[in-house]
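One letter stands for each residue in the lines below.
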Amino acid sequence: MTPWLLGARLALTANRMRLVATTIAVSFTVAFLLAAMGALPSRQAKLDRLDARNVVQVDSQVATGMTAPAAVVRLESQVGTYRGRPLTVRFVSAEPGGPLPPGLTRYPRAGEVIASPDLADVLRGHRAGELATRVPGHLVGTVAEPGLAGPHELYAYVGVAGFDHETPQVQSYGSHYVRQPAPRELRIAAWLGALGLLLPVLVLVATATRLSASSRDRRLAALRLVGATPKQASAIAGAEGLVSGILGTAGGLVAFWLLRGPACALLPFPEGVYAQDLMPPLTMLLAVLVGVPLLAAVSGVLALRRVVTSPLGVRRTARVKTAAWWRLAPLLSGLAMLIVLRVNHTAWPLGTPPGTTLLLLGGGLTLVGVAVAAPVLSQLGGRLLGRLPGLSASLAARRIDADPTASARVVTGMVLVLFVSAWLLAFLPVLESSRDSGEKELLSYVSAGTVITASDVRKRPDLAAVQRVPGVRAVAVLGYAALTPPGWVSDDGSDPARTSHTVDVGSCTALARATRRHLPCGQGTVFRVSVSGAPDTASGSPLAEGERVGVLDSQGVVAAHLVLPARIPELPIPAYSGLLQGELLVDPALLPAAPSRLVVTTDGRADTVENVRAVLPLDLAMSAQTVAERVKAGASVYLGYRRAVKIGIVLALLVGAASLAVTTADAVAERRRSLATLVALGTPLRVLRRTVLLQTAAPMLSNVVVTLAAAAMASACYLGVTTSVPTGVPLPWGSWALTALAAVVAVLLATAATLPLVSAVGRPEALRAE
Amino acid sequence: MMEPLLTARDLHLSFGASPALAGASVDVAPGEILALLGPSGSGKSTLLHCLAGILVPDSGEVGYRGIRLDRLSDDLRSELRRSDFGFVFQFGSLVPELSAVENVALPLRLAGHKRRTAEARALEWLERLEVGEVARKRAGEMSGGQGQRVAVARALVAGPRVVFADEPTGALDSLNGELVMDLLVGAAREQGTSIVLVTHEPRVAAYADREVVLRDGALALTVGA
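Residues numbered from 1 in each chain as written. Chains lettered and ligands numbered in written order. Predicted model: local features only at pLDDT ≥ 70, side-chain atom pairs only at ≥ 80, totals over all residues. Heavy atoms only, no water.

K.L.:
So what's going on with the overall build of chain B? Residues and values would help.
P.N.:
Across its full length, chain B holds seven helices and 10 strands. The burial tally for chain B puts 56% of its 225 residues in the buried class. Just so you have it, chain B exposes about 9300 Å², and 50% of that area is on carbon and sulfur atoms. (Helix = DSSP H or I, 4+ residues; strand = E, 2+ residues; numbered from the N terminus. Buried < 20%, exposed > 50% of the residue type's maximum accessible area, 1.4 Å probe, protein only. Areas by Shrake-Rupley, 256 points an atom, 1.4 Å probe, with all protein chains shown as cover.)

K.L.:
Tell me about the pattern of salt bridges, and name the residues and values.
P.N.:
Inspection of the entire model under this criterion finds 33 salt bridges over all chains. The salt bridge partner of Glu271 of chain A is Lys46 of chain A, with a shortest N-O separation of 3.2 Å. Here Glu271 of chain A, found in the loop between α6 (230–264) and α7 (282–302), pairs with Lys46 of chain A, found in helix α2 (residues 16–52); they are 225 residues apart in sequence, far enough to count as distant. Accessibility assignment for this pair places Glu271 of chain A and Lys46 of chain A in one class, buried. The partner of Glu119 of chain B in a salt bridge is Arg115 of chain B, and the shortest N-O contact between them spans 3.5 Å. Of the two residues, Glu119 of chain B and Arg115 of chain B are both situated in helix α4 (residues 115–128); the distance of four residues between them amounts to about one turn of the helix. Several salt bridges converge on common partners, so that one network encompasses Arg83, Arg127, Glu130, Asp603, Arg605 and Asp607 of chain A. (Salt bridge = Lys/Arg side-chain N within 4 Å of Asp/Glu carboxyl O.)

K.L.:
Got a sec to walk through a nonpolar patch on the surface? Specific residues and values, please.
P.N.:
Taken together, Val20, Ile24 and Phe28 of chain A make up a surface patch of nonpolar side chains, about 240 Å² in accessible area. If you trace the backbone, Ile24 of chain A turns up in helix α2. (Patch = residues over 30% accessible without salt bridge, like charges linked within 9 Å, V, L, I, M, F, W, Y side chains within 5 Å.)

K.L.:
Talk me through the state of the cysteines; I want residue IDs and the actual numbers.
P.N.:
By definition, a disulfide links two cysteine residues through a covalent bond between their sulfur atoms. All names here are of chain A. One pass over the full model with this rule turns up one disulfide over all chains. At a sulfur-sulfur separation of 2.0 Å, the disulfide partner of Cys508 is Cys521. Torsion about the S-S bond of the Cys508 and Cys521 cystine: about -75°, corresponding to left-handed handedness. Residue Cys508 is found in helix α14 (residues 508–515), and its partner Cys521 is found in the loop between α14 and β13 (526–529); the two are separated by 13 residues along the sequence. On the basis of relative accessibility, which here comes to 16%, the residue Cys521 falls in the buried class. (Disulfide = S-S within 2.5 Å.)

K.L.:
Lay out the pairing of strand β4 (residues 59–64) of chain B in plain terms, naming residues and giving numbers.
P.N.:
Residues and elements named next belong to chain B. As paired strands, strand β1 (residues 6–15) and β4 are joined by five bridges and run antiparallel to one another. In the sheet register, Leu6 faces β4, and the bridge partner there is Tyr64. Pairing between β4 and strand β5 (residues 67–68): two bridges, direction antiparallel. Bridging across to β5, Tyr64 finds its partner in Ile67. Taking the residues between adjacent antiparallel strands as the criterion, β4 and β5 are bridged by two residues, where Arg65 takes a positive phi near 50°. (Pairing = 2+ DSSP bridges.)

K.L.:
Before we move on, can you summarise the sheet that holds β5 of chain B with the specific residues and values?
P.N.:
Residues and elements named next belong to chain B. With antiparallel pairing, the four strands of this open sheet are ordered in space as β2-β1-β4-β5. This sheet does not close on itself; its edge strands, each paired only once, are β2 (18–28) and β5. The pairing of β1 with β2 spans eight bridges and is antiparallel. Opposite Thr7, over in β2, you have Asp27 as the bridge partner.

K.L.:
Hey, could you go over the nonpolar core for me, with residue numbers and the actual values?
P.N.:
Counting 53 residues, the largest nonpolar core has Met414, Phe419, Leu660 and Met700 of chain A as the members making the most contacts within it. Those elements that provide at least two residues to this core are α8 (329–343), α9 (353–386), α11 (404–433), α17 (627–670), α19 (685–721) and α20 (733–761) of chain A. Counting residues per element, this core draws most heavily on α11 of chain A, which supplies 16 residues. In this structure, Leu660 of chain A is in contact with Val410, Val411, Met414, Thr696, Val747, Ala750 and Thr751 of chain A, ignoring residues within four places of it in sequence. Counting residues in hydrophobic clusters, the runner-up holds 42 residues, among them Val88, Ala135, Ala151 and Leu183 of chain B. (Core = buried A, V, L, I, M, F, W, Y, C linked by side-chain atoms within 4.5 Å. Contact = heavy atoms within 4.5 Å.)

Printed below as a string of structure tokens:
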């Protein structure tokens, strides 16, 4: 029998509990690895799907040199919102034989609709009426998966009778855009998240391989006694690792395959992700499938590195000693590097060799340092515990002091989870602040349920019908106009300092009703909206009181003149807030303008909002969006990542707690004789149970305090040196405290779960065993 | 006395500050059964481990058929344990995850024998030691006496020249102890195998041709031929 076969045989028939624990741990690792590696490609797959249906227009730059297809296909896309979800409708007029987009086998004829499965469900259901304007026609089929960005996308092709020649003609689909790498913040967040999940799982693997160490030692000693050489013993241990690695990798692959569908729901895309898109690149997949079993085999061999396996048993070569204070050096060095970077970040910005080196080395050293420092911190916790009164505290303190490294090993997984979680939580506000905050400002002026339409109208809305919709509280109509100060000349010789100014046209009182705010409407007919955000720099100097300005028509020609009042009061609603867009608000009595935007105040219920959309003409219906929907759309990616981070932290804590429970249970089982001796000497079981609990709690608490402090310093330094982070991003102390509390509670619960074992193994009869 | 098979000359070995052997010397002749006796801590097990090449003395010589055992590499000593030596310890010497027949076949399999051949020979030995019925059982499923007989079978299966037995009956009752010793000594005598036996039981020592008493790591008395 070759040692490898014997090792495989022993792995399968020896301690089943160990095999199962190791297999589960490796399975977790593989599944997490594959999911993490597939997360970023899934984003790319989505972009590829969107690109595949992108229209290449006849005579566009991409289509240069191509002959236009004989069969004319004209297509116009409208993007809107339905019950908070993005809705895309492509109106199409196609001659037979024209180029088809992915997901369609034919175009819908006039009056026909081909919709995505989710949208088809709506169109078949009792709410179909809500979409009568936006998706007109009868459903004749569904768009197949290649034509959709995600499984839950609301997407449709609607056949229309004919388009005018201004509507773009389709040359082909798929513009084969230049791929852009994912944004740096996203990549960092994704890798941090993956690391945060992976670390506790790796600790679980390490824990599982240590299970029943004494029985493995006995086994190896017995083999050495009958003549197995040290190399054969190593090969046997390696084979045991390899078997667990192969089983775990297979399990992980199956788990990934089965669970990647539900895992897709965690990714921050509103239309969802197809399971097949969550797929790591082939090279990475192969690397995991081959690398993990090999690593498991190597770890099995390395586990024997610090022991001498002799026929008389297994001897540890490393002496158990007190933890040395040098263990704090990597952590302190890492933090020092980050502080140096923070102080000199203007001279060494990120991207320069010193900046990048300090960040990577400092961050890496801090992370490793947290794990390396764990024994010395555990020892400190143990010594503090020793000062407390009571036998349990004394026993636990003695035990920690006898082998602080072993105590640290129990909590290291959780400590690493905490560190990465803390850093990740600090990173979330960066993602949040990097998105547009315009919606937030808008929310301070109108209620979340207010529907605002965009500014391009082909057909006048039936305002009375809108007013009649139950749940509608007020309607304000806004138009806009372009005004020019005196001296403005037309396009060919225009003065850049005197170009046109955009103004909103609307009734102040109607706006006051819609926003439910007290506005100074009685003070005039023209109001100056305060400037907020980024003003239109092209507009030059502001329009002045009493000035005679020209009113431009749609062709950009001065069609009329308007004299601005001598006094223009200020309106406390800023421009660019999403509600008003121009420099002034002019009463329609003074300046007639076609209505272009509606501000409809509703009770915020989804039914009301959809009923409003249903009575609006198509263009307005598609553009109509509540403020809440705008906020949600703007924050969808951020909210998705936040949710993924939270789920990830909970998962990591659970895995960490499981790992800790396994280690504690195994440690209790291994110490059954000493526990039994204590019981035989008359020590009450409750004292032993309390001892086990304190033995884990004390190192955990000392490690948590230092880890949180290190994470806070590292995060503050990192946020301070990243130029893409706006100044004043707050550190999430609340979330940190909550995560630390959750970690401590998880540790205590996991330890408490093993306490019944103390009663079971702590019987004096155990002294008779062996 | 004929040419010794195994010799130990002036062995010294300390574990930390405590000396376990302090100038022990002993010879073992082919086919001889030698009992090492002495109080606890006298160094008898340590001497046995040195003779078997499990421990290497700090000083002194261990010879086996003219080879300096104490100078051999761990690999070569392992090979000797597989081919020329057999072991029966008080407990813990069986691989708990393997069945009795697999345990007995183990030295043969490690030496490169085919599974079928190895297990056939193992089965013969199990039958001979009257434990054929537990061939497919694992260590935990056998009684102590059965387990020791399986260990004896494993010690003898490769046809060793020497069997080292450290308190082979220490965990057994007197009846089972006698049975194990009868079988071990009987089989050894049949194939001319030497036995080095560590015991503190006079009844077990009585099986030996010669008894050597150790005290404080050195030979204090020799009884017998």
